[in-house]
Amino acid sequence: EEGWSKFAEIGSTLGLLITDAVMPRLSGSELIARIRDSGSRVPCLMTSGYGPGNGGDAAGAADRILGKPWKPEELLGAVRELLDDRAISPNRGGVA
């Protein structure tokens, strides 16, 4: 819920969302679904320790999934990939 509240506050200025698949009250996929329902196309990176069939189905809402454990350079690579994609397709991010 805190992530959604923060997005509602600053969403139009957000360049990238990084979330975990499993959180206390609102899952990462639920958070991304709410963000998409709001009209935003901000790039979304989800981290997960679960594989397909073990909770990994949450990945469907994310632009990219990064399995745990990850190394810092893997996170940086995933972030760079999403930001580069956004630069190529500037309609991503913000509100449509």
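Residues numbered from 1 in each chain as written. Predicted model: local features only at pLDDT ≥ 70, side-chain atom pairs only at ≥ 80, totals over all residues. Heavy atoms only, no water.

Engineer: It is not clear to me how the overall build of the protein should be interpreted in this structure. Could you clarify?
Structural biologist: When you go through the protein residue by residue, the secondary structure sums to three helices and three strands. Counting from the amino terminus, the protein carries its helices and strands in the arrangement α-β-α-β-β-α. Burial analysis of the protein (96 residues in total) assigns 33% to the buried set. Across the protein, contacts joining residues at least 24 apart in sequence account for 59% of those joining residues at least 6 apart. When the accessible surface of the protein is split by element, carbon and sulfur atoms take 53% of a total near 5700 Å². (Helix = DSSP H or I, 4+ residues; strand = E, 2+ residues; numbered from the N terminus. Buried < 20%, exposed > 50% of the residue type's maximum accessible area, 1.4 Å probe, protein only. Contact = heavy atoms within 4.5 Å. Areas by Shrake-Rupley, 256 points an atom, 1.4 Å probe, with all protein chains shown as cover.)

Engineer: What should I look at first to understand the sheet that holds strand β1 (residues 17-20) in this one?
Structural biologist: The strands making up a sheet associate through backbone hydrogen bonding, with each pair oriented either parallel or antiparallel. Pairing within the open sheet is parallel, and its three strands lie in the order β1-β2-β3. Each edge of the sheet is formed by a strand with only one pairing partner; in this case those strands are β1 and β3 (64-67). Here the strands of the sheet are splayed against their neighbours by 25 degrees on average, with no regard to which way each runs. Two elements, strand β2 (residues 44-48) and β3, share four bridges in a ladder whose sense is parallel. Residue pairing across strands places S48 opposite G67, the latter belonging to β3. Of the strands in this sheet, β1 and β2 touch helix α2 (residues 28-37), which is tilted by about 150 degrees from β1. (Pairing = 2+ DSSP bridges. Axes fitted to C-alpha atoms, helices over the stretch in contact; angles between N-to-C directions.)

Engineer: What's the story with the nonpolar core in this structure? I'm lost.
Structural biologist: Taken as a class, soluble globular proteins show a tendency for nonpolar side chains to be buried jointly. The biggest cluster of nonpolar side chains holds 12 residues, and these are F7, L14, L17, A21, L26, L31, I32, I35, V42, C44, M46 and A62. Only α2 and β2 provide two or more residues apiece to this core. The dominant element in this core, judged by the number of residues it contributes, is α2, at three residues. With seven residues, the next largest nonpolar core counts L16, L45, A78 and V79 among its residues. (Core = buried A, V, L, I, M, F, W, Y, C linked by side-chain atoms within 4.5 Å.)

Engineer: For this particular structure, what's the right way to read the pattern of salt bridges?
Structural biologist: Opposite charge on two side chains permits pairing when their charged atoms draw close. Applying the stated criterion across every chain yields a total of five salt bridges. Between K68 and D20 there is a salt bridge whose closest N-O contact spans 2.4 Å. Taken together, the positions of K68 in the loop between β3 and α3 (72-88) and D20 in strand β1 put the pair 48 residues apart, joining distant regions of the chain. Among the residues examined, K68 registers a relative accessible area of 40% and is labelled partly exposed. For the salt bridge of R80 with D84, the shortest nitrogen-to-oxygen distance reads 2.9 Å. You can see R80 and its partner D84 sitting in helix α3, four residues apart, about one turn around the helix. Note on R80: relative accessible area 46%, which makes it partly exposed. Among the residues examined, D84 registers a relative accessible area of 34% and is labelled partly exposed. (Salt bridge = Lys/Arg side-chain N within 4 Å of Asp/Glu carboxyl O.)

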